[in-house]
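# Fold and geometry: a report
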Amino acid sequence: MKIIKIIVLIVFLSAFVTNTNAELQNINVTCDEWPPYQIVENDYVSGFSTKVVKAVFERMKVNIKSIEVYPWKRAISMIEKGIADALFSANYTKERADFAFYPDEKIVDSPWVMWVREEDELKFESFDDLLGKKVGLVRGYSYTTDFWNFVKKHNIYEEVTNDEQNFKKLNAGRVDFIAAELGNGFYIVKNMEFNKIIIPLKENPLKSDGLYIIFNKKNVNKSFVDKFSNELKKLKQETLYKFLYEEYFKF
C-alpha cells in the first residue's frame, strides 16, 4: 500500500510539472496602442516594444497565443484580473506590483516630460509653474503620486482616453501643458505634423522610468519571469536590439 501511494504521488507531481510547463508554452498578451512602442496597422501589432517582446518569447520557445489591444485602463484591468497573462509597456508602480511580477530587466528607458506650444513660452521648473494653467492627462496613467496629488488638489487637470487626443487639445490651445512620454510624444507630433508647433520641456522631466512587460502573479510563475528577464538582458547587448531602437527612435 505504501509503495502504491508513493507511485501515485510521483505520477501526480509529474503531471503537475508537465501541466505547469505546458501552460507556460502559450501566453496571452495585452497592450494599448502607443506608438512607437505599440503600433496597430490593419489589426496587426508592431512597434519597438512589440518586436522586442516577440523576440524574447521566440528565444524562450514560448508561443504568443494573441496580442490584444485595448485602451490602457482596460488593459491594466485585464492583467490585474488575470484575463491576460502579460502586459507591456508598463511603468513600475507599487499598486501594480501587488498583482503583477516585474522582470528585473526593463524593455527600455522611458523619460516623461511636459509638452507645450512653443508660442506660449511656458516653463516647467516646479509644479508651481502649472498653477493657473490646464494640464492634459491620460486616464489610467500612473505619472507620479506627487504629481497627481498636486493637480488634483488644485483642480488643474483634464483627462482624455489617449495621448493623441491630448496633443490635439494642446495644439488647439484647449490645455496649456500635457504630460507625455518622450518617445511617444515625438512620434505623435511628427505624424500629426505638430513638430513645428509643440515642443518638449526635456530639461526637467516629470519622471524617468523604464517600460516593462508585467505578468499576472496567479497565471505565471516567478521563475518564468526571471527567465524572460535574463533573455531580455542578453538581447539588449546584441545588434538586433540596437537596430530596432534606431528604427523607431529617429527624432
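Residues numbered from 1 in each chain as written. Predicted model: local features only at pLDDT ≥ 70, side-chain atom pairs only at ≥ 80, totals over all residues. Heavy atoms only, no water.

Looking only at helices and strands, the protein chain features 9 helices and 12 strands. Across its three principal directions, the C-alpha atoms of the protein chain cover 85 × 40 × 30 Å. Across the 251 residues of the protein chain, 48% fall into the buried class. Long-range pairs, those at least 24 residues apart, make up 74% of the contacts in the protein chain with a sequence separation of at least 6. Just so you have it, the protein chain exposes about 13600 Å², and 50% of that area is on carbon and sulfur atoms. (Helix = DSSP H or I, 4+ residues; strand = E, 2+ residues; numbered from the N terminus. Buried < 20%, exposed > 50% of the residue type's maximum accessible area, 1.4 Å probe, protein only. Contact = heavy atoms within 4.5 Å. Areas by Shrake-Rupley, 256 points an atom, 1.4 Å probe, with all protein chains shown as cover.)

Turning our eyes to something else, we now look at the packing of aromatic side chains. Going through the model one piece at a time under the given rule, you end up with 24 aromatic pairs. Sitting over the face of the ring of tryptophan 148, lysine 152 holds its NZ or CZ atom 4.8 Å from the ring centroid. Sitting above the plane of the tryptophan 112 ring, lysine 207 keeps its charged end 5.4 Å from the centroid. (Phe/Tyr/Trp six-rings, centres within 6.5 Å; stacked < 30°, edge-to-face > 60°. Lys NZ or Arg CZ within 6 Å of the ring centre and 35° of its normal.)

The next thing to look at is the layout of surface pockets. A water-sized probe rolled over the atoms picks out the places where empty space is left. By volume, the largest pocket is sized at about 420 Å³. Along the walls of the largest pocket sit 16 residues, with Thr93, Glu95, Tyr141, Ser142 and Trp148 positioned nearest its centre. At the level of elements, α4 (94–97), α5 (145–153) and β9 (157–160) are the ones that each hand at least two residues to the lining of the largest pocket. Residues belonging to the lining of the largest pocket are distributed by class as follows: 6 nonpolar, 6 polar and 4 charged. Size it by volume and the second largest pocket reaches roughly 160 Å³. Forming the walls of the second largest pocket are 13 residues, and the residues nearest its centre are Asp32, Glu33, Pro71, Thr161 and Asn162. Taken together, the residues of the lining of the second largest pocket break down into 7 nonpolar, 2 polar and 4 charged. (1 Å grid on protein atoms, 1.4 Å probe; cavity = no way out; pocket = protein on both sides within 12 Å on 5 of 7 lines; lining within 4 Å. Points joined across faces, edges and corners; volume = space filled by probe spheres on them. Nonpolar A, V, L, I, M, F, W, Y, C, P; charged D, E, K, R; others polar.)

Mapped onto the elements of the fold, leucine 87 is located in strand β5 (residues 86–90). Accessibility expressed as a relative area gives 0% for leucine 87, which makes it buried. For the pair leucine 87 and leucine 201, spaced 114 residues apart in sequence, the C-alpha to C-alpha distance is 29 Å. Leave out the neighbours within four places in its chain, and leucine 87 touches Thr30, Trp72, Ala75, Ile76, Ile79, Tyr212, Ile213 and Ile214.

All chains considered together, the criterion is met by 1 cavity of 30 Å³ or more. Roughly 110 Å³ of internal volume is contained in the largest cavity. Forming the walls of the largest cavity are Asp32, Trp34, Trp72, Ser89, Ala90, Asn91, Arg96, Trp112, Tyr141, Ser142, Tyr143 and Leu211. Residues of the lining of the largest cavity, tallied by class, amount to 7 nonpolar, 3 polar and 2 charged.

Turning our attention to the pairing of strand β12 (residues 207–216). The buried fraction of β12 is high, at 9 of 10 residues. In this sheet, β12 lies alongside β5 in antiparallel orientation, the contact comprising 3 bridges. Paired with leucine 87 across the two strands is isoleucine 214, which belongs to β12. Relative to β12, strand β6 (residues 100–101) runs antiparallel, the two sharing 2 bridges. Residue pairing for β12: alanine 100 is matched across the bridge by asparagine 216. As judged from the 5 bridges shared by strand β7 (residues 108–117) and β12, these two strands associate in the antiparallel manner. (Pairing = 2+ DSSP bridges.)

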